[in-house]
Amino acid sequence: MQVKTLAKRTLALLPFASKDSSRPHLQGLILSKDRMYASDGYRLVCTTIDTVESGDIPVILPKCSIPKKLLEEGFIIPVEAVSAAVKAISKKTPLPILKQAFMNFIPGKDKNSNPEMEFHSTDIDQTSSSRTRLLEGPVPDVDVVLPVDSEVAFTCYFDAKVLASTLEAVGQLGIGEGKGREGKGTPVVRIDFFKRSSSYSTAICSSVDSDGRASYGVAMSYKPIKDWEYRDEDFRTAMGKLMPEAFIQKMVNYEEAVLLKEEQAKEELAQEPVGIEK
C-alpha cells in the first residue's frame, strides 16, 4: 500500500495559496487523486503527490493511510500546517525515505466534528508528529482552468531561472503607478512570444513605468522540440496523473505535427534539383 507524503519540494506550492479570508477553500494545499495543488484564483501550480510503500516506513512511526474515497473527493490542508510539517523533517538524516513527512487521516468522532490529518517524520533518533483540522469548503477542480476546448497555439521551452530572472528585472524596472492585481507599485510586464523557427522561440518581456521609461528583456528558448523529453511515454504516464488524457493528447498531437512538418521540409529540400552553373 502506498502512503502519501510531504517533502521539501511541497513548499514551492504554498506561496500560490490564497490569503483572502473570504475564500477559505483556497487557503490551503489541495490534495485530490494523485495531485496536490495550490491556487489563489488567478494562479495555480499543480504537481504529483509524493508516495512511499508502507513497508518502507520505519516501524517506530505509527501506521499511516488516507482512504481512497477521500483522495477521490479531495481535501484541503491549511498552509501553516503543511509548512510546519515539512520544516519539522530532520535535516540530519542521509536516508531519502526519511526526508519526508508521512500523512495519516483521522476521521471526525461524529458528524459535527472535523476530520484531521496527522504528519509524522523521523531521523530514527527522534520523531516529530503534528495534527491539524482539514479546511471546510468545496474542493476546487483543477481541470476547469485547462483550456480543453482549445488547440495548442505553439510550444516553447525555457530555462525557468532565465525566464524568471528576466521577468523579475523588467518588472522591477517597470514599477510605478501600474494597475496590477495588487494595486499601486505592482510590476506589470507584457510578454510576447516570437517563433523564430519550428524549434526555437524568443520571449520579449517589456514594461513602462509611471514616468514613461520603457524597459525590455529577451529570453531565448532552451531546447529544440526534437531534443525534449515531451515525446517519451514517461511524459504521458507522469502527466496522466495531473491532466485529463484528452488534454495531454492535444499537447502530444501538436508536437508530433511540428516534428512531421520538420521532416517533410527536409525531404522537400533534399529533392530539390541542384542548379548547374553556366
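Throughout this description, residue numbers start from 1 for each chain and increase along the sequence as written. Only residues with pLDDT of at least 70 get local features here, since the model is predicted, and only at 80 or more are side-chain atom pairs given and counted; chain-wide, interface and lining totals rely on the full set of residues. Derived side-chain values reflect all non-hydrogen atoms in the structure, with water molecules and hydrogen atoms excluded from consideration.

### Quick notes on the pattern of salt bridges
And step 1. Whenever Lys or Arg places a side-chain nitrogen within 4 Å of a carboxyl oxygen from Asp or Glu, that contact is recorded as a salt bridge. Taken as a whole and assessed by the stated rule, the structure comprises nine salt bridges.
And step 2. For R9, the salt bridge goes to D50, with nearest N and O atoms at 3.1 Å. A residue pair is termed long-range when its members are at least 10 positions apart, and R9 in the loop between β1 (2–7) and β2 (28–32) and D50 in strand β5 (residues 50–53) qualify at 41 residues.
And step 3. Residue class for R9 comes out partly exposed when judged on its relative accessible area of 41%.
And step 4. Residue R35 pairs with D143 through a salt bridge whose shortest N-O separation is 2.9 Å. Here R35 is found in strand β3 (residues 35–39), whereas its partner D143 is found in the loop between β9 (127–133) and α3 (160–173), with 108 residues between them in sequence.
And step 5. Where salt bridges share partners, they join E116, E118 and R131 into one cluster. Comment: elements are numbered from the N terminus, with helices defined as DSSP H or I runs of at least four residues and strands as E runs of at least two. Only protein chains enter the area calculation, which uses a 1.4 Å probe; residues under 20% of their type maximum are buried, those over 50% are exposed, and those in between are partly exposed.

### Topic: the sheet that holds strand β10 (residues 190–195)
Paired through their backbone hydrogen bonds, the strands of a sheet run either parallel or antiparallel.
And step 1. Strand order across the open sheet formed by three strands is β10-β11-β12, with antiparallel pairing between neighbours. The open sheet is flanked by β10 and β12 (214–220), the only strands paired with a single partner. Neighbour to neighbour, the strand axes of the sheet diverge by 20° on average, direction disregarded.
And step 2. Any two residues having at least one pair of non-hydrogen atoms within 4.5 Å are treated as being in contact. Helix axes are fitted to C-alpha atoms over the stretch in contact, other axes to C-alpha atoms as well, and angles between N-to-C directions run from 0 to 180 degrees. Across the face of the sheet, α3 comes into contact with β10, β11 (201–208) and β12 while running at roughly 180° to β12. Any two strands are treated as partners once DSSP identifies two or more bridges connecting them.

### Description of the environment of V3
And step 1. With respect to the helices and strands, the residue V3 is situated in strand β1.
And step 2. Here V3 falls in the buried class, since its relative accessible area comes to 1%.
And step 3. Counting along the chain gives 53 residues from V3 to D56, while the straight-line C-alpha distance between them is 9.7 Å.
And step 4. Not counting the four nearest positions on each side in its chain, V3 is found in contact with D50, T51, V52, S54, I57, C64, F102 and M103.

### Thoughts on the sheet that holds strand β8 (residues 116–122)
And step 1. Spatially, five strands are ordered β5-β1-β7-β8-β9 in an open sheet, and the strand pairing comes out antiparallel. Every interior strand has two partners, whereas the edge strands, β5 and β9, have only one. Sheet twist, expressed as the average angle between the axes of neighbouring strands with direction ignored, equals 35°.
And step 2. Sheet analysis places strand β7 (residues 100–106) next to β8, joined by five bridges and oriented antiparallel. Bridging from a neighbouring strand, I106 pairs with E116 of β8.
And step 3. Helix-sheet contacts for helix α2 (residues 79–87) involve β1, β7, β8 and β9, and the interaxial angle to β1 is about 90°.

Geometry only, nothing functional implied.
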